[in-house]
Amino acid sequence: MPLKEYFEFYAPTKVMYGYNVVQDTGAEAEALGCGAALILTDEGVMGAGLLEKVRKSIEESSVELVDVYDAVPVNSEVEVCREIAEIGRKAGVDCLISVGGGSVIDTGKGANILLGVGGDLLEDWQGTHLVPEPLKNHIAIPTTAGTGAEVTLGAVIKHTPAGQKVTFNSKYLLPDVAMLDPGLTESMPPGLTAATGIDALTHAVESFSSMEHSPPSDAFSYYCVRSIMENLPIAVEDGSDLEARGNMLVAANLAGMALSTTLSIGACHAMAHAAGGLSPVTHGVANAIILPVVLEFNMEYCTDRYAALASATGVDVSGLDEFEAAGRVIEAITGFIARFGMPRSLKEAGADPALAERMTEEAMGDGQMYGNPREAEFEDILALYERLLS
Ligand SMILES: [Fe+2]
C-alpha cells in the first residue's frame, strides 16, 4: 500500500483510563500548575450526580473551584462560549474542566480560545490553525463514549442565528488531560449509548476510507471498528457492564485520535453537521442514518479500503473478490447500525424535507467533505439528502 507523501501525527493529550480515575482531577490540575478552575457541564450530568467526584477532588486540592457552569446546551453554542469565557475572565480562571459529552467539551474549547487569546470567536478564529498561542489549561472528562472530543484538535460549535455549525481546528485546542472513567458512562441510557457509539464507529470507518488517512489513523480506526462492533451491543443491552463501557470509552477516544489525525474524514460527517445544525437530529443519530448511504455512494471509489475492514467487522470474505468483500462490509456495518432501532431517515428523525438544498449548501462547505474518497458534486449530496428526507 503506498504511503501518503506527507502526514503528521500529533497527540500531546495525557490520557488516563480507570474506574474512579476522576478522583485524581484535583491532582492533575495541581500538576498542570493551575490556581483557579471553572467546571463546565450540563444539566443531565448534574442530574445524574456525575460531577460529585470531580468537584470533591478539586475541592480537596490546592486549586480553587471558582464556579460550576451547568447550562451547556445539547448543541454547543457560540454565545455560551462567550458567556463562559466572561465568567472565567472575571474570576481569573486558568483551568477549564469540561465534564460531559462532545457538546460540553467543544464548548470548553471554544470558551478557552476566548479566555486564552480574546477576540471574536467567529470573526477571528473560525477555521484551521488560526489560534496563535497556547490557551489556558483544559481537562476533559467525557461522560459519553462517542465524540472523542477529549483528544481532538477540533471543535464544532453551533451559531444559532444562522443555524450553521462552525468549526475551529488548532493544536492548542487539544486538552491537556483526558480522563476516561467508565463509571461516568454507566448511567447513559441505551438510546444515547447507541447513538454516541455509532458516532465513534463513523469516525473510525470514515477515517479509514478518507483521502487523508495515514498509518497512525489506520491503526486506530481498524482497532476501533472491531472493538465497537464487539462492545457496543453489550453496552446498550447492559449499561452496568463496565468492561463493555470501558472498551467503548477507549474505542471512542482512539477513534477521536484517528479523526483528529485525518482532519477531514468524509461526506457522512459533513452531511451530519449540516443536518444537526438545521434540524433537531442529534449528531450520532444523523451519522447512523447517513453512513449507510454514503458507504454505498463511495463504494466504487474506495473498494480496497472497505474490503480491508472485513475482519474488523467480523465478515468472512474468503473466496470473494475485493468488490464483493467491500459489499459485505457495507452490509455488515449497515446491519449493525439497524439493530439499535434508531430512525432510518432524516425525515423520520424530525428534519424538514424543505431544507434539503440548504443542508446541501452547508455540507458542501463543511471541512469534513474534502477528505471524502469520492469527489461529491452539489447534485450528488442533494440526491442523498432527498433520499433521506422523503
Ligand atoms: Fe462525529
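Thresholds, definitions, all that
Residues numbered from 1 in each chain as written. Predicted model: local features only at pLDDT ≥ 70, side-chain atom pairs only at ≥ 80, totals over all residues. Helix = DSSP H or I, 4+ residues; strand = E, 2+ residues; numbered from the N terminus. Buried ≥ 20, exposed ≤ 12 C-beta atoms within 10 Å, placed from the backbone. Pairing = 2+ DSSP bridges. Contact = placed C-beta atoms within 7 Å. Axes fitted to C-alpha atoms, helices over the stretch in contact; angles between N-to-C directions. Expected span 1.5 Å × (residues − 1). Parallel < 35°, antiparallel > 145°, perpendicular 65-115°, else oblique. Left-handed = near helix turned anticlockwise from the far one by under 90°. Nonpolar A, V, L, I, M, F, W, Y, C, P; charged D, E, K, R; others polar. Domains from an automatic or database assignment. Core = buried A, V, L, I, M, F, W, Y, C linked by C-beta atoms within 7 Å.

Asks: Would you mind showing me how to read the overall build of the protein here?
Replies: Each helix and strand counted, the protein has 15 helices and nine strands in total. By its C-alpha atoms, the protein is 65 × 45 × 45 Å across when sized along the principal axes. The burial tally for the protein puts 56% of its 390 residues in the buried class.

Asks: Looking at this structure, how should I read the sheet that holds strand E8 (residues 164–169)?
Replies: Working definition: the strands of a sheet are paired by backbone hydrogen bonds and lie parallel or antiparallel to each other. The mixed open sheet is built from three strands, whose spatial order is E5-E8-E7. Edge positions in the sheet fall to strand E5 (127–128) and strand E7 (154–159), since each of these pairs with one other strand and no more. Relative to E8, E5 runs parallel, the two being bridged by two bridges. Residue glycine 127 lies in a different strand from E8, and its bridge partner there is phenylalanine 168. Docked against the sheet, helix H5 (residues 102–117) engages E7 and E8, running at close to 90° with respect to E7.

Asks: Would you mind going over the environment of glycine 183 with me for this structure?
Replies: If you trace the backbone, glycine 183 turns up in the loop between strand E9 (177–180) and helix H7 (190–209). Given 17 C-beta atoms within a 10 Å radius, glycine 183 is considered partly exposed. Placed 77 residues apart in sequence, glycine 183 and serine 260 show a C-alpha to C-alpha distance of 25 Å.

Asks: How should helix H9 (residues 242–262) be read in this particular structure?
Replies: Note on helix geometry: an α-helix contains 3.6 residues per turn, so any two residues three or four positions apart are oriented the same way. Here H9 is 21 residues long and its end C-alpha atoms lie 30 Å apart, about the 30 Å a rise of 1.5 Å per residue gives. In terms of residue burial, H9 counts as a mostly covered element, since 18 of its 21 residues are buried. Downstream of H9 by one or two residues, leucine 263 has phi in the positive range, about 70°.

Asks: What exactly am I supposed to notice about the pairing of strand E2 (residues 36–40) here?
Replies: Each regular strand carries side chains that alternate between the two faces of the sheet. Here E2 lies mainly inside the structure; four of its five residues are buried. In this sheet, strand E3 (residues 64–69) lies alongside E2 in parallel orientation, the contact comprising five bridges. Bridged to alanine 36 within E3 is glutamate 64. Bridge count between E2 and strand E4 (residues 95–100): four bridges; the pairing is parallel.

Asks: Is there a simple way to think about the sheet that holds E9 in this case?
Replies: Read across the sheet, six strands follow the order E1-E9-E6-E4-E2-E3 without closing on themselves; strand pairing throughout is parallel. Strand pairing shows two members of the sheet lacking a second neighbour, strand E1 (14–17) and E3, which therefore form its edges. Across this sheet, the average inter-strand angle for adjacent strands is 15°, counted without regard to direction. Contacts from H5 reach E2, E4 and strand E6 (137–142), with the element oriented near 160° to E4.

Asks: Explanation requested: the packing of helix H8 (residues 215–237) against H9 in the structure shown.
Replies: How two helices sit against one another is set out by the angle between their axes and by the gap between those axes. H9 packs onto H8 with a crossing angle of 150° between their chain directions and a minimal axis gap of 8 Å. With respect to each other, H8 and H9 are oriented roughly antiparallel. Between H8 and H9 lies a crossing of left-handed hand. Facing Pro216, Ser217, Phe220, Ser221, Tyr223, Cys224, Ser227, Ile228, Asn231, Leu232, Ile234 and Ala235 of H8, the residues of H9 in contact are Ala244, Arg245, Asn247, Met248, Ala251, Leu254, Ala255, Met257, Ala258, Thr261 and Thr262. Here the contact of H8 with H9 is composed, by residue class, of 15 nonpolar, seven polar and one charged.

Asks: Looking at this structure, how should I read the domain arrangement of the protein?
Replies: For the protein, the domain assignment lists domain 1 (14–184) and domain 2 (190–389). The C-alpha centroid of domain 2 is placed 26 Å from the C-alpha centroid of domain 1. At the junction of the two partners, domain 1 supplies 27 residues and domain 2 supplies 27 residues. In terms of residue count, the dominant contributor to the side of domain 1 that touches domain 2 is E8 (four residues). Its residues placed into classes, the side of domain 1 that touches domain 2 shows twelve nonpolar, twelve polar and three charged.

Asks: It is not clear to me how the nonpolar core should be interpreted in this structure. Could you clarify?
Replies: By size, the foremost hydrophobic cluster in this structure holds 127 residues, and its most contacted members are Ala37, Ala204, Cys224, Ile228, Ala255, Met271 and Ala275. With ten residues, the top contributor of residues to this core is H9. When residues are assigned to domains, this core turns out to be shared by domain 1 (14–184) and domain 2 (190–389), each giving three or more. Residue contacts for alanine 275: discarding those within four places in its chain leaves Val281, Ala286, Leu346, Ala351 and Met359.

Asks: Help me understand the environment of alanine 338 in this model?
Replies: Within the fold, alanine 338 resides in helix H13 (residues 322–338). Each C-alpha atom, one on alanine 338 and one on proline 292, is 9.8 Å from the other, the two residues being 46 residues apart in sequence.

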